[in-house]
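Remarks on the overall topology
Now for the letters of each chain:
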Amino acid sequence: MNPITRLASALGMVLGLAFALPAPAQDIAPDQLVKTVTMEVVDLISKDKEIRSGNRAKLIELIDAKVLPHFNFAAMTALALGQSWNKANAEQKKRLTEEFRTLLVRTYASALAAYSDQKLDFRPLRAKPSDTDVTVQVRVLQQGTQPVPIDYSMEKTAAGWKVYDVMVGGVSLVANYRTEFNNVVRESGIDGLVKNLHVKNGSLAAAAEKK
Amino acid sequence: MRCWVLIAALAAGCATTGEGDPRDPLEGINRGIYRFNDKVDQAVAKPVATAYRKAVPGEIRDRVRNFFGNLGDVFIGVNNFLQGKFADGANDWARVAFNTTIGLLGIHDVATDMGYEKHNEDFGQTFGRWGAGSGPYLVLPFLGSSTLRDGLGTSIDMYTDPLGEVRGYHTQYGLWGLRLTQTRADLLEASRILEEAALDKYVFQRDAYLQRRRSLVYDGRPPREKEPEDEPDNKAR
């Protein structure tokens, strides 16, 4: 092989690599994004002995790095609070979003830890290319039971597609917090809710430490 | 029967006052029964299900789940026919035919691999499909979350339960117990997640139940519920 062809083939490899790299998040279609992220996370967990043997902190780290960037937590918190969101000031909104985010990540980690080897069925996206608000559907298949649908409500933003609600088996996570949150706000105000969530997260963290 | 009345009376004593949820006018009584159910669950159902899961390998538990699932498919089909979904009903009965024969009395779910998907139907959903509203939310002793409509549905589900035809009390109660244990074992993760996710377990479970049933009545495609007063004016982004 002469130097020129060697250079050309090296260049080809570099270019090939460049094309193989994932496109920036904002260019990926929402259903592709869900599939790529899900498969990556499932693959990482299956390879990680520590996570599989119950290392919750490491699982949360993984979710933080791989999954969270694709969620819009401020929108989720606003939807979960409904009317009460408008009563909160900027500082309260920030703290509510932080606490809710911590709670959701922990819940998500528990759900993910329960995942064994069920098959996933990524449904084709039913949306027009111009749509900016879509639902991406995934189904968890298990023999002998009805498939469990997981629907991601996603919105197009400047930073790519972001999830603002997850529906599991027809139950919207965001809507399910609305009554609880509004009950607390009615009794003890926005600060009461912040405190309530903070205490809840603290006790969950303490319980995880003990394990 | 007498113990039900006693439970109801005890629960009424704990009734909370304040602004109630319009979907749950009996919240005080329901909360009482919920606490009772929770105690029964902590004392009996959950420990038995946990032990069952430790002792019985997953492969066998799959057979058990499939066996009872196959029995259930008979009336899942009936309910699909009653709702006018004939293709779905035929699918369910094809499942029963294949799983009972090739699947060895239902212990192997061969129908799913053949493309006949399992459905989720019951009489409560059929009434909902026919236009019945859910009525007030109810927590039934031992059975848990329900509504007036779904409770009536459940009583017909129980009446038409194929296990009711089993001769011999020992066999019948044995099968009932096994099915309950399998069902609870399948819910161990879900109940743990509920514990972690909820600020108020009662409210969280109630709202999830009502959302879930509404979704099931419409087979996963419920019409959008308009709640303008609940939407914040400006989404944060």
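Treat the numbers as computed from the prediction; the structure is a model and nothing was measured.

1. So, the interface of chain A and chain B
Contact residues are listed per partner, giving 36 residues for chain A and 35 residues for chain B. For the side of chain A that touches chain B, the leading source of residues is helix H7 (residues 173-210) of chain A, giving 10 residues. Residues belonging to the side of chain A that touches chain B are distributed by class as follows: 13 nonpolar, 18 polar and five charged.

2. Overview of the environment of serine 134 of chain B
Residues and elements named next belong to chain B. Take serine 134: it is sitting in the loop between helix H6 (123-129) and strand E1 (137-140). Between the C-alpha atoms of serine 134 and arginine 63, which are 71 residues apart in sequence, the distance is 34 Å. Setting aside residues up to four positions removed in sequence, serine 134 forms contacts with Thr147, Arg149, Asp150, Leu210 and Arg213.

3. Description of the sheet that holds strand E4 (residues 160-168) of chain A
All names here are of chain A. The antiparallel open sheet is built from five strands, whose spatial order is E1-E2-E3-E4-E5. The open sheet has two free edges, formed respectively by strand E1 (119-122) and strand E5 (171-172), since each of these has just one partner strand. With eight bridges joining them, strand E3 (residues 148-157) and E4 adopt antiparallel strand pairing. What sits directly across from aspartate 151, in E4, is methionine 167. On top of the sheet, helix H2 (residues 30-47) reaches E1, strand E2 (133-141), E3 and E4; it is set at about 40° to E2, its chief contact.

4. Details of the confidence of the model for chain A
Mean pLDDT over chain A works out to 84, with 87% of the residues at or above the 70 mark. Mean pLDDT across the elements of chain A ranges from a minimum in helix H1 (residues 3-20) of chain A, with 55, to a maximum in helix H5 (residues 73-81) of chain A, with 93.

5. Side note on the nonpolar core
Counting 36 residues, the largest nonpolar core has Met76, Leu79, Ala80, Phe100, Phe181 and Leu193 of chain A as its most contacted members. Mapped onto this core, the elements with two or more residues apiece are H2, H5, helix H6 (90-113), E3, E4 and H7 of chain A. What phenylalanine 181 of chain A contacts, discounting residues up to four positions off in sequence, is Ala80, Leu81, Ser84 and Leu193 of chain A. If you look at the next biggest cluster of nonpolar residues, it comprises seven residues, including Ile29, Ile33, Val139 and Leu210 of chain B.

Rules behind the numbers
Residues numbered from 1 in each chain as written. Chains lettered and ligands numbered in written order. Predicted model: local features only at pLDDT ≥ 70, side-chain atom pairs only at ≥ 80, totals over all residues. Contact = placed C-beta atoms within 7 Å. Helix = DSSP H or I, 4+ residues; strand = E, 2+ residues; numbered from the N terminus. Nonpolar A, V, L, I, M, F, W, Y, C, P; charged D, E, K, R; others polar. Pairing = 2+ DSSP bridges. Axes fitted to C-alpha atoms, helices over the stretch in contact; angles between N-to-C directions. pLDDT = per-residue confidence, 0-100. Core = buried A, V, L, I, M, F, W, Y, C linked by C-beta atoms within 7 Å. Buried ≥ 20, exposed ≤ 12 C-beta atoms within 10 Å, placed from the backbone.

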